[in-house]
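# Breakdown of the fold
The residues making up each chain are set out below.
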Amino acid sequence: MRTGVRWKIAVAIAAVGALIAVTLSIVVHNAARISMLDNAREVQMERLLFAQRMYETSKPKEPRFGTKINDPALPPQLHQLMRDKRRGTYVQEHRHGGPPDVWAAVPLANGDVLSLHIPFADRSATIMNDLDRALVIGSVSVVFGGCALGVLIGGGLSRRLRKAAVAAGRVAQGNTEVRVRDAVGGVVRDETDDLAWAVDALTDALNERIEAERRVTADIAHELRTPVTGLLTAAELLPPGRPTELVRDRAQAMRTLVEDVLEVARLDSASERAELQEIALGEFVERRVRALDPEVEVRVVHESWVNTDPRRLERVLGNLLANAAKHGKPPVEVTVEGRVVRVRDHGPGFPEALLKEGPSRFRTGTSDRAGQGHGLGLTIAAGQARVLGARLTFRNVAAEGSPGGVGGAIAVLWLPDHAPTNTGSFPVLRPAD
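Remember, it's a predicted structure, so these values are computed and weren't measured experimentally. (Residues numbered from 1 in each chain as written. Predicted model: local features only at pLDDT ≥ 70, side-chain atom pairs only at ≥ 80, totals over all residues. Heavy atoms only, no water.)

## With respect to the sheet that holds strand β3 (residues 101-107)
Spelled out, the test is: Only strands that DSSP links by at least two bridges are regarded as paired with each other. In this text, helices come from DSSP runs of H or I with a minimum length of four residues, and strands from runs of E with a minimum of two, each type numbered from the N-terminal end. Residues are treated as being in contact if the distance between any of their heavy atoms lies within 4.5 Å. Only the contacting stretch of a helix is used when fitting its axis, a line to C-alpha atoms as for every element, and angles between N-to-C directions run 0 to 180 degrees.
Taken in spatial order, the four strands of this open sheet run β1-β4-β3-β2, and their pairing is antiparallel. Edge strands, defined here as strands with exactly one partner in the open sheet, are β1 (68-69) and β2 (88-92). For β1 and strand β4 (residues 113-119), the ladder comprises two bridges, and the chain directions are antiparallel. Following the sheet pairing, Ile69 is matched in β4 by Leu114. Contacting β1, β2, β3 and β4, helix α1 (residues 5-57) runs over the sheet at an angle of about 40° to β3. Across the sheet, helix α2 (residues 76-83) lies against β2, β3 and β4, angled at about 170° from β2, the strand it touches most.

## Description of helix α10 (residues 377-387)
Note the threshold: With a 1.4 Å probe rolled over the protein chains alone, any residue whose accessible area is under 20% of its type maximum counts as buried; one over 50% counts as exposed, and the rest are partly exposed.
Counting buried residues in α10 gives nine out of 11 residues, a clear majority hidden from the surface. Gly389 occupies a position one or two residues after α10 and carries a positive phi of about 75°.

## A look at the confidence of the model for the protein chain
Low pLDDT means the predicted coordinates in that region are not meant to be read closely. Note the threshold: Residue-level confidence of the predictor is summarised by pLDDT, bounded by 0 at the bottom and 100 at the top.
In the predicted model, the protein chain carries a mean pLDDT of 79, and 85% of its residues have values of at least 70. Within the protein chain, helix α6 (residues 242-268) has the poorest average pLDDT of any element, 75, and strand β9 (residues 340-344) the best, 93. Confidence drops under a pLDDT of 50 for residues 365-374, and excluding neighbours within four residues, the segment shows 27 contacts in the predicted structure. Long-range and interchain partners of residues 422-433, a stretch whose pLDDT sits below 50, account for 30 contacts in this model, where long-range means more than four residues apart.

## A look at the nonpolar core
The condition that has to hold: Residues belong to one nonpolar core when they are buried, are Ala, Val, Leu, Ile, Met, Phe, Trp, Tyr or Cys, and are joined through side-chain atoms within 4.5 Å.
Membership of the largest hydrophobic core comes to 34 residues, with the highest contact counts inside it found for Val285, Leu320, Val334, Phe394 and Leu413. At the level of secondary structure, the elements contributing two or more residues to this core comprise α7 (281-292), α8 (310-327), β8 (333-337), β9, α9 (352-357), α10, β10 (391-398) and β11 (406-414). The element that contributes the greatest number of residues to this core is α8, accounting for six residues. Sequence-distant contacts of Val285, defined by excluding residues within four places in its chain, comprise Leu317, Val334, Val336 and Val341. By size, the runner-up hydrophobic cluster in this structure holds nine residues, among which are Leu48, Tyr55, Val106 and Leu114.

## Describing the pairing of β9
Inspection of the sheet shows β8 paired to β9 by five bridges, in the antiparallel sense. Each bridged residue has a counterpart across the sheet, and for Glu333 the counterpart in β9 is Arg344. Taken together, β8 and the strand that follows it, β9, pair antiparallel across an intervening segment of two residues, in which Gly338 is found at a positive phi of about 65°.

## Let's talk about the environment of Ala21
Tracing the sequence through the fold places Ala21 in helix α1. Residues Ala21 and Leu135, spaced 114 residues apart in sequence, show a C-alpha to C-alpha distance of 8.3 Å. Excluding residues within four positions of it along the chain, Ala21 makes contact with Ser139 and Val142.

As C-alpha cells, this is what we get:
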C-alpha cells in the first residue's frame, strides 16, 4: 500500500500529540484528585479536632457533629495508628465505585477512638468531572491540531518531492536542460534541496561523460571513413576472383559499419531535425517495402495521412525489415493500421535483454537471434523514431499451442498525431511484462 509523505508525517505528529496529551491528562487528573483529597482530609481533621474539644468539655460526654466512639467500620489502617496513640486521616475507596469516604480519627485519653467519616464532597466530584471533560476536549484538540499541522508540513515537503520527481523524470526522458533545483523552488532550504543539487550534479556528470563518449565515437568513425573508402576503392582495382569478392564484401561491410556509427553519433547528439512532409502512410509503406523486399507481405488495414519525414521513416522500416530478415524467420509481415506500423517475423523472438532495456549498440542479443551484425540496426531505428517524435516498441508473440514458447517478434512504430517540434519529443517505450 502506497502512502504519501504528507499523511505519514500527519499520522506521526498526531500520534505523538495524542501520547503527550494522554500522558499530561493522566498526570493532571491524578495531581488534581490528590490535591483535592489532601484538602478534604485536612478539613476532616479540623472538624474532628473541634468535635473532640466539644466532646471532652461537655457533660455528659456525647459525640457530636456526626462523630462516633469506637466505630466498628473504622478502617484497619487507622486502627494501627490508634494503637500507636497517633491521630490520622484515611481515604477509603469503594469496590462498587462512587465517591470515596474521607476518614479522620483521634485517640482519647481513656483509650477510646473518636472518628468521623463523610463521602467525598459532591462539589469536588463535579469539579473533577469538569476537569476530566476539559482534559478530553483539550487532548482531542491537540490531536486534530497536530494532524492538521502534519498535513500542512508534509504537504509542503510532498509538493517539493513531487516536483523533484517530475523534473528528474523529464531528465530521464532526455531533456537535459531541466534543473531539478529550479523545479523544486521555494525559499526554505532543506534536504530536498540537497537531493535536487545532487541529481543536477549527477545529470551534468552523466551528460559530460555521454558527450565525451559520443565525440570519441564520432571522431573514430570519421577518421576511419577515409581509409575505409580508400580500401574499398583499392578493392575495386583487384583482379576478378573469389578472393577479390571477399575483400570487397568485407570492405563494404566495414564502410557500412562506419556510416552506421556516424549516424548513431549524430542521433545521440540530439541535433537531428525532421524534414516534414504529409504522406499517405499505407501507400508509402507498401511502396517502400516492395522496393526493399518484394517477398514481405504488406497489409493496409486503415489508411491515414501523417506529417513526417519520409527519409527517416524509410530508414526505420529498412532497419526493422533487415533485422527481421537476418535474425527472424519468414514469413515477414508488415501491417499498417492508421498511424501504427507493425513488422512481424516468425523467428525465435527478441532477446530478453532487448525487451527489458531496449536496443543497445554492439549487442546482438542471444545466440539464437544473433551471431552476425553489430547491433546497430535497432539502435538506429529507435533513434530515428525519436527524431520523428514516434514511439518504437518491441515484444514477442506466444507460439500457438505452446504457452511458454515464442512464435515470432513484433516491432511496433507509433507515429504521433502531431508533427514533432523538436528531437526526442516522445521516448522509446518498452512493452509491459
